[in-house]
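A closer look at the structure
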Amino acid sequence: MQRAYALTAREAEVLLCSVAASRTATWRDPNISPRTVNKHLEQIFVKLGVENRAAAAGAAVRTLTLDWRDDLTR
């Protein structure tokens, strides 16, 4: 994710953890406020060229799937 979209390590973590949270649940990390998570997500959406969490999830899954396939062929 970091290479594909020039995300910082923290942005990649926020993306993966927030995408993994269900639609009704919110990802809670005691080391980061919900407002900070939302700010990270805003920046992530810009970098991914998407407008919402669902589109970001799709981009993340596609990228991770492609990375996984590349690893299998090496």
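Residues numbered from 1 in each chain as written. Predicted model: local features only at pLDDT ≥ 70, side-chain atom pairs only at ≥ 80, totals over all residues. Heavy atoms only, no water.

Its place among the elements puts Thr-65 in helix α4 (residues 53-73). By relative accessible area, Thr-65 is classed as partly exposed at 29%. Of the polar contacts made by the side chain of Thr-65, one reaches the backbone oxygen of Val-61; its length is 2.7 Å. (Helix = DSSP H or I, 4+ residues; strand = E, 2+ residues; numbered from the N terminus. Buried < 20%, exposed > 50% of the residue type's maximum accessible area, 1.4 Å probe, protein only. Polar contact = N/O pair within 3.5 Å; in protein donor to acceptor, adjacent residues only side chain to side chain.)

Turning to the packing of helix α2 (residues 9-20) against helix α3 (residues 34-48), a few remarks are in order. Contact geometry for α2 and α3: axes closest at 9 Å, N-to-C directions at 100°. What the angle tells us is that α2 and α3 run roughly perpendicular. Between α2, through Arg-10, Glu-11, Val-14, Leu-15 and Ser-18, and α3, the contact on the second element is made entirely by Val-37, His-40, Leu-41, Gln-43, Ile-44, Lys-47 and Leu-48. (Axes fitted to C-alpha atoms, helices over the stretch in contact; angles between N-to-C directions. Parallel < 35°, antiparallel > 145°, perpendicular 65-115°, else oblique. Contact = heavy atoms within 4.5 Å.)

Averaged over the protein, the pLDDT score is 81; the fraction of residues at 70 or greater is 78%. Element-level pLDDT for the protein is lowest in α4, with a mean of 78, against a maximum mean of 91 in α3. (pLDDT = per-residue confidence, 0-100.)

With that settled, the discussion passes to the nonpolar core. The biggest cluster of nonpolar side chains holds 15 residues, and the ones touching the most others in it are Leu-7, Leu-15, Ile-44 and Leu-48. Broken down by secondary-structure element, the contributors of at least two residues to this core are α2, α3 and α4. Residue contacts for Leu-48: discarding those within four places in its chain leaves Tyr-5, Leu-7, Leu-15, Ala-56 and Ala-59. (Core = buried A, V, L, I, M, F, W, Y, C linked by side-chain atoms within 4.5 Å.)

We now examine the pattern of salt bridges. Under the criterion given, the structure shown has 3 salt bridges. Close ionic contact of Arg-10 with Glu-13 constitutes a salt bridge, the shortest N to O distance being 2.5 Å. Of this pair, Arg-10 and Glu-13 both sit in helix α2, 3 residues apart, roughly one helical turn. Measuring nitrogen to oxygen at the nearest pair gives 2.8 Å for the salt bridge that ties Lys-47 to Glu-11. Residue Lys-47 is located in helix α3, and its partner Glu-11 is located in helix α2; the two are separated by 36 residues in the primary sequence. Looking at Lys-47, the relative accessible area reads 34%, which means it is partly exposed. (Salt bridge = Lys/Arg side-chain N within 4 Å of Asp/Glu carboxyl O.)

For α2, spanning 12 residues, the distance from its first C-alpha to its last is 17 Å, which sits close to the expected 16 Å at 1.5 Å a residue. When α2 is considered as a whole, its buried residues turn out to be Glu-11, Ala-12, Val-14, Leu-15 and Ser-18. Axial view of α2: buried residues confined to an arc of 165°, hence all on one face. Relative to its buried face, α2 has exposed residues pointing more than 90 degrees away, namely Ala-9 and Ala-20. (Expected span 1.5 Å × (residues − 1). Arc of directions from axis to C-beta.)

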